[in-house]
Amino acid sequence: MTVIDAHPTAAQDHFDAVRTVVVLKAVADPTRLRLLWALQRGEQSVGRLSELVGAHYAAVSQHLARLRAAGLVTSRRDGTRMYYRTADEQVPSLLEEAALVGRRDARPQ
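Thresholds applied
- Residues numbered from 1 in each chain as written.
- Predicted model: local features only at pLDDT ≥ 70, side-chain atom pairs only at ≥ 80, totals over all residues.
- Heavy atoms only, no water.
- Pairing = 2+ DSSP bridges.
- Helix = DSSP H or I, 4+ residues; strand = E, 2+ residues; numbered from the N terminus.
- Salt bridge = Lys/Arg side-chain N within 4 Å of Asp/Glu carboxyl O.
- Buried < 20%, exposed > 50% of the residue type's maximum accessible area, 1.4 Å probe, protein only.
- Core = buried A, V, L, I, M, F, W, Y, C linked by side-chain atoms within 4.5 Å.
- Contact = heavy atoms within 4.5 Å.
- Axes fitted to C-alpha atoms, helices over the stretch in contact; angles between N-to-C directions.
- Left-handed = near helix turned anticlockwise from the far one by under 90°.
- Nonpolar A, V, L, I, M, F, W, Y, C, P; charged D, E, K, R; others polar.
- Expected span 1.5 Å × (residues − 1).
- Arc of directions from axis to C-beta.

Trainee: Just to check I follow, could you spell out the sheet that holds strand S1 (residues 44-45) for this structure?
Mentor: Think of a sheet as strands paired side by side through backbone hydrogen bonds, with each pair either parallel or antiparallel. The three strands lie next to each other as S1-S3-S2, forming an open sheet whose pairing is antiparallel. Because the sheet does not close on itself, it has two edges, and the strands there are S1 and strand S2 (73-78). Here six bridges tie S2 to strand S3 (residues 81-86), and the two strands are oriented antiparallel to one another. Each residue of the ladder has a partner; that of Val73, found in S3, is Thr86.

Here's what the structure looks like:
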């Protein structure tokens, strides 16, 4: 089911709403948002991401787990290191749209 489907079932509509809320909650944290921005540059190790966002390794790992659970990032292990990347091409689009809305002037209607 896509956003343009004209007549979703009530169950599908509910599922889509819940899934969208999971994604929005996952990006509704400044550190997680910054991690996603960093991952737009390509695959990064947890250690490198920790440096880029200025957070402790353990905290970054927890944030990445939340992003992975939301389907926004994927991971791979290389020896003892974990590497992350955005899950697909829609993630940068999501970030771009969120940034545009965030920069918009809040004007009374």
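Trainee: Sorry if this is basic, but what is going on with the pattern of salt bridges here?
Mentor: Should the charged atoms of two oppositely charged side chains come close, the side chains can pair. A full pass over the atoms with the stated rule returns three salt bridges. A salt bridge links Glu43 to Arg85; the nearest nitrogen and oxygen atoms lie 3.0 Å apart. Here the residue Glu43 occupies a position in the loop between helix H2 (30-39) and S1, and Arg85 occupies one in strand S3, the gap between them amounting to 42 residues. Its relative accessible area of 33% is what places Arg85 among the partly exposed residues.

Trainee: Teacher, can you tell me more about the nonpolar core here?
Mentor: Core analysis: the largest hydrophobic core is formed by 20 residues, its most contacted members being Leu36, Leu49, Leu64, Leu67, Leu72 and Tyr84. Elements with a contribution of two residues or more to this core: helix H1 (10-27), H2, helix H3 (46-53), helix H4 (57-69), S3 and helix H5 (90-103). With four residues, the top contributor of residues to this core is H2. Contacts of Tyr84, omitting those with residues within four sequence positions, involve Leu39, Gly42, Glu43, Gln44, Val46, Leu49, Leu64, Arg68, Val73, Thr74 and Ser75.

Trainee: Looking at this model, I keep getting lost on the packing of H2 against H3. Mind explaining?
Mentor: Axes are the key here: two packed helices are described by the angle between their axes and the distance separating the axes. With their axes 10 Å apart at the nearest point, H2 and H3 run at an angle of 115° to one another. Relative to H3, the crossing made by H2 is right-handed. For the pair H2 and H3, the contacting residues are Thr31, Arg34, Leu35, Ala38 and Leu39 in the first and Leu49, Leu52 and Val53 in the second. Within the contact of H2 with H3, the residues separate by chemical class into six nonpolar, one polar and one charged.

Trainee: Can you help me understand H5 in this one?
Mentor: An α-helical turn contains 3.6 residues, so a residue and the one three or four places further along point in the same direction. With 14 residues, H5 ought to run about 20 Å at 1.5 Å a step, and its terminal C-alpha atoms sit 20 Å apart, in line with that. Residues of H5 that are buried include every one of Val91, Leu95 and Ala99, and no others. Projected down its long axis, H5 carries its buried residues within an arc of 75°, all on one side. Summarising the geometry of H5, the exposed residues directed more than 90 degrees from the buried face are Gln90 and Glu96. Looking at the packing, one finds that the buried side of H5 touches H2 and S3.

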